[in-house]
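# Coordinates in review
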Amino acid sequence: DRYADSTLAYQGYGHQNTIESLQGIIQYATGGLKPDLTILLDIEPEIGLQRRMDAGGFDRLDAYDIDFHHRVRDGYLEMAAADPQRWVIVDAAQSFDLVQDELRRILFKQLEAWGY
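The notes below deal with the structure included here. No experiment lies behind these values; they were computed from the predicted model shown.

Conventions and cut-offs
- Residues numbered from 1 in each chain as written.
- Predicted model: local features only at pLDDT ≥ 70, side-chain atom pairs only at ≥ 80, totals over all residues.
- Heavy atoms only, no water.
- Helix = DSSP H or I, 4+ residues; strand = E, 2+ residues; numbered from the N terminus.
- Buried < 20%, exposed > 50% of the residue type's maximum accessible area, 1.4 Å probe, protein only.
- Salt bridge = Lys/Arg side-chain N within 4 Å of Asp/Glu carboxyl O.
- Expected span 1.5 Å × (residues − 1).
- Contact = heavy atoms within 4.5 Å.
- Polar contact = N/O pair within 3.5 Å; in protein donor to acceptor, adjacent residues only side chain to side chain.
- Pairing = 2+ DSSP bridges.
- Patch = residues over 30% accessible without salt bridge, like charges linked within 9 Å, V, L, I, M, F, W, Y side chains within 5 Å.
- Areas by Shrake-Rupley, 256 points an atom, 1.4 Å probe, with all protein chains shown as cover.

Summing up its helical and strand segments, the chain has five helices and two strands in all. Put simply, the chain runs from its N terminus to its C terminus through helices and strands in the order α-α-β-α-α-β-α. The principal-axis extent of the C-alpha atoms belonging to the chain is close to 45 × 40 × 20 Å. Looking at the chain as a whole, 33% of its 116 residues are labelled buried.

Our next topic: the pattern of salt bridges. Using the criterion set out here, one finds eight salt bridges in the structure. Between D62 and R52 there is a salt bridge, and its shortest N-O distance comes to 3.0 Å. Residue D62 is found in the loop between α3 (45-55) and α4 (66-82), and its partner R52 is found in helix α3; the two are separated by 10 residues along the sequence. In this structure, R86 engages D83 in a salt bridge whose closest nitrogen and oxygen atoms are separated by 3.2 Å.

Time to look at α4. Given 3.6 residues per helical turn, the α-helix brings residues three or four places apart onto the same face. Compared with an ideal rise of 1.5 Å per residue, which puts 17 residues at 24 Å, α4 spans 24 Å between its outermost C-alpha atoms and is within 8% of the ideal. In this structure, the buried side of α4 is in contact with α1 (4-14), β1 (38-42), α3 and β2 (87-91). Where α4 starts, the residue carrying a side-chain oxygen 3.0 Å from the main-chain nitrogen of D67 turns out to be D65.

Time to look at the pairing of β1. Burial of the side chains of β1 is restricted to one face: T38, L40 and D42 are buried, whereas none of I39 and L41 on the reverse face is. Pairing of β1 with β2 involves five bridges; the strand directions are parallel. Residue pairing across strands places L41 opposite V90, the latter belonging to β2.

What you tend to see is this: most non-glycine residues have negative phi, and most peptide bonds are trans. The phi torsion at Q16 lies on the positive side, around 60°, for a residue other than glycine. By the element assignment, Q16 lies in the loop between α1 and α2 (19-30).

Side chains of F108, L111, W114 and Y116 sit close together on the surface and give an oily, nonpolar patch of about 520 Å² of accessible area. With respect to the helices, strands and loops of the structure, W114 is situated in the segment after α5 (96-113). By relative accessible area, W114 is classed as partly exposed at 41%.

Turning to the environment of Q11, a few remarks are in order. Topologically, Q11 is positioned in helix α1. Here Q11 falls in the partly exposed class, since its relative accessible area comes to 33%. Distance from Q11 to D62, taken between C-alpha atoms, is 14 Å for residues 51 residues apart in sequence. The contact partners of Q11, leaving out residues within four places of it in the chain, are S6, Q16, N17 and L22.

If you want it as structure tokens, here you go:
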């Protein structure tokens, strides 16, 4: 699901609003709450948009120009690089089955680390 990181990625990086002001709003709104684990399903925007169109799930965000989508992706990658203990990047250009296998591996590893 999406959280404050998506606000930064879309409103900050994508729409080019001031990251610092958004971070202040997010800090206030969440009280500093952050996820223990964030999984980024990373894919080139062109491939991701084509998949959305092929699946019939195209929406208003998908209609933005390709530069917007590249800025959003770059923003997510920048956030992941800045906090590598929380973020795990999965290559979503792989097949559905391979992505699912990777997600299960990550989640089981994290649950084990948490003692579950």
